Structure formats: C-alpha cells, structure tokens
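Each chain, letter by letter, is given below.
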Amino acid sequence: MKRTLAAVAAATLLSPAFALASTWNVDASHSTAGFAVRHMMISKTRGQFNKVTGKVNLDDKDVTRSTVEATVDVASVDTNEPKRDEHLRSPDFFDVAKFPNMTFKSTKVEKAGAGLKVTGDLSMHGVTKPVIFETSVTEPTKNPWGMTIRGVEAKTKISRKDFGLTWNKALETGGVVVGDEVEITLDVELIQEQAAPAAKK
C-alpha cells in the first residue's frame, strides 16, 4: 500500500500540471547580443553579434535553482561597417581565429525587484571574469505555431581591458579612439523545450 501511494505521489508531482522547472532554448533567429562603446570620446558605436545559442533551465517557483548558459559566435560581429568588422575579428581585438566563441555560464540567479539578477562567468578572448546581468523575463505565451515562448532582456557593463582587448590609438586633442567601458545588451527569444513522449509499453 505504501509503495502504491508513493508511486501515485511521484507520478502526480512529475505530471505537467505540477512541473515547476522548465527548459528553454534560445531561438537564434530572433536573438542578438548587442554592444555599445565610446568612440573618439564623443559618441557611441553600436554593434551586435548575430549568432547566439544557449539554454535556460528556469524554475518559476524558486528562481535560485535556475541556470543559464549561452554561446556567441564572435565572427558574427556586425557594426554595419565591413572594414571595421574585419578589424574587430583580427588579433587587434577578438582574434576570432584563436578565440571563436564567447560564453556565459551562470553561477547564481536571484530576484531583483521585478526582474532577476544573473551572476556568472563570462569567457572572452581567453579570459574569464565574473559579471552580473540585470535581467527581465516576460510571461510565457504561445506563438502562431503552438510553441511556448518567452522574451528576455539582459544588460551589463564590462571593461574590455579586463578581457585583454587593449588596442587603441591616442588622439591629438587628448583621449583615445576607443573607450574602455562596453555596454552589453542581450535581446533573446526563448522556446520551451517539449518533453519527450513517454515510451509505449
């Protein structure tokens, strides 16, 4: 009798209605990693990486159990200026031949007001540093094809010198061509991973 009750309880807790944790995959065709950096001390140059992949394990009841992993194809950098993009791919900057990917892996997820604070390790250009993303997540909804989706926006700031990206040129009037602080904004669409159908007995 005890075994029967335990089996019923386990089946109930594992049923979709009681599933608290869910897995979400980044929809690469609707996701970008954007950045902005000061140029000539007077304006900001903006760009993005067009190839982003990743996975989020989200526990809506206890967000501290959630995890985030993401990978950016650095060669997909796009600043709307081909010559500048080639320079960014070169050893002066990202050196994509040697360091093709930028990765992020969370170490802590916690509530922060109406959003989340996601702490993790950002690896770029052969260097790994802790960063904190201020993150907002939309409520799930259905797209026209029946898939459950959510939107995520995450922002942080880093020092490019911390990651060995030190190329620069001095200006005659003082200052430098490229600023050190880089603003990073992730605009990501997530698709909920469907559970595999139970095997027929």
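Quick summary incoming for the structure in this document.

Another point: the overall build of the protein. The number of helices and strands found in the protein is two helices and 12 strands. Secondary structure elements of the protein, listed N to C terminal, follow the sequence α-β-β-β-β-β-β-α-β-β-β-β-β-β. Per-residue burial for the protein yields a buried fraction of 33% across its 201 residues. The contacts of the protein with a sequence gap of at least 6 include a subset with a gap of at least 24, amounting to 54%. For the protein, the accessible surface area stands at approximately 12,800 Å², while carbon and sulfur atoms represent 56% of it.

Relative to the helices and strands, Val-63 is located in the loop between strand S4 (52-59) and strand S5 (67-73). Residue Val-63 is classed as buried on the basis of its relative accessible area, which comes to 10%. Setting aside residues up to four positions removed in sequence, Val-63 forms contacts with Val-109, Glu-110, Lys-111 and Leu-116.

Conventions we followed
- Residues numbered from 1 in each chain as written.
- Predicted model: local features only at pLDDT ≥ 70, side-chain atom pairs only at ≥ 80, totals over all residues.
- Heavy atoms only, no water.
- Helix = DSSP H or I, 4+ residues; strand = E, 2+ residues; numbered from the N terminus.
- Buried < 20%, exposed > 50% of the residue type's maximum accessible area, 1.4 Å probe, protein only.
- Contact = heavy atoms within 4.5 Å.
- Areas by Shrake-Rupley, 256 points an atom, 1.4 Å probe, with all protein chains shown as cover.

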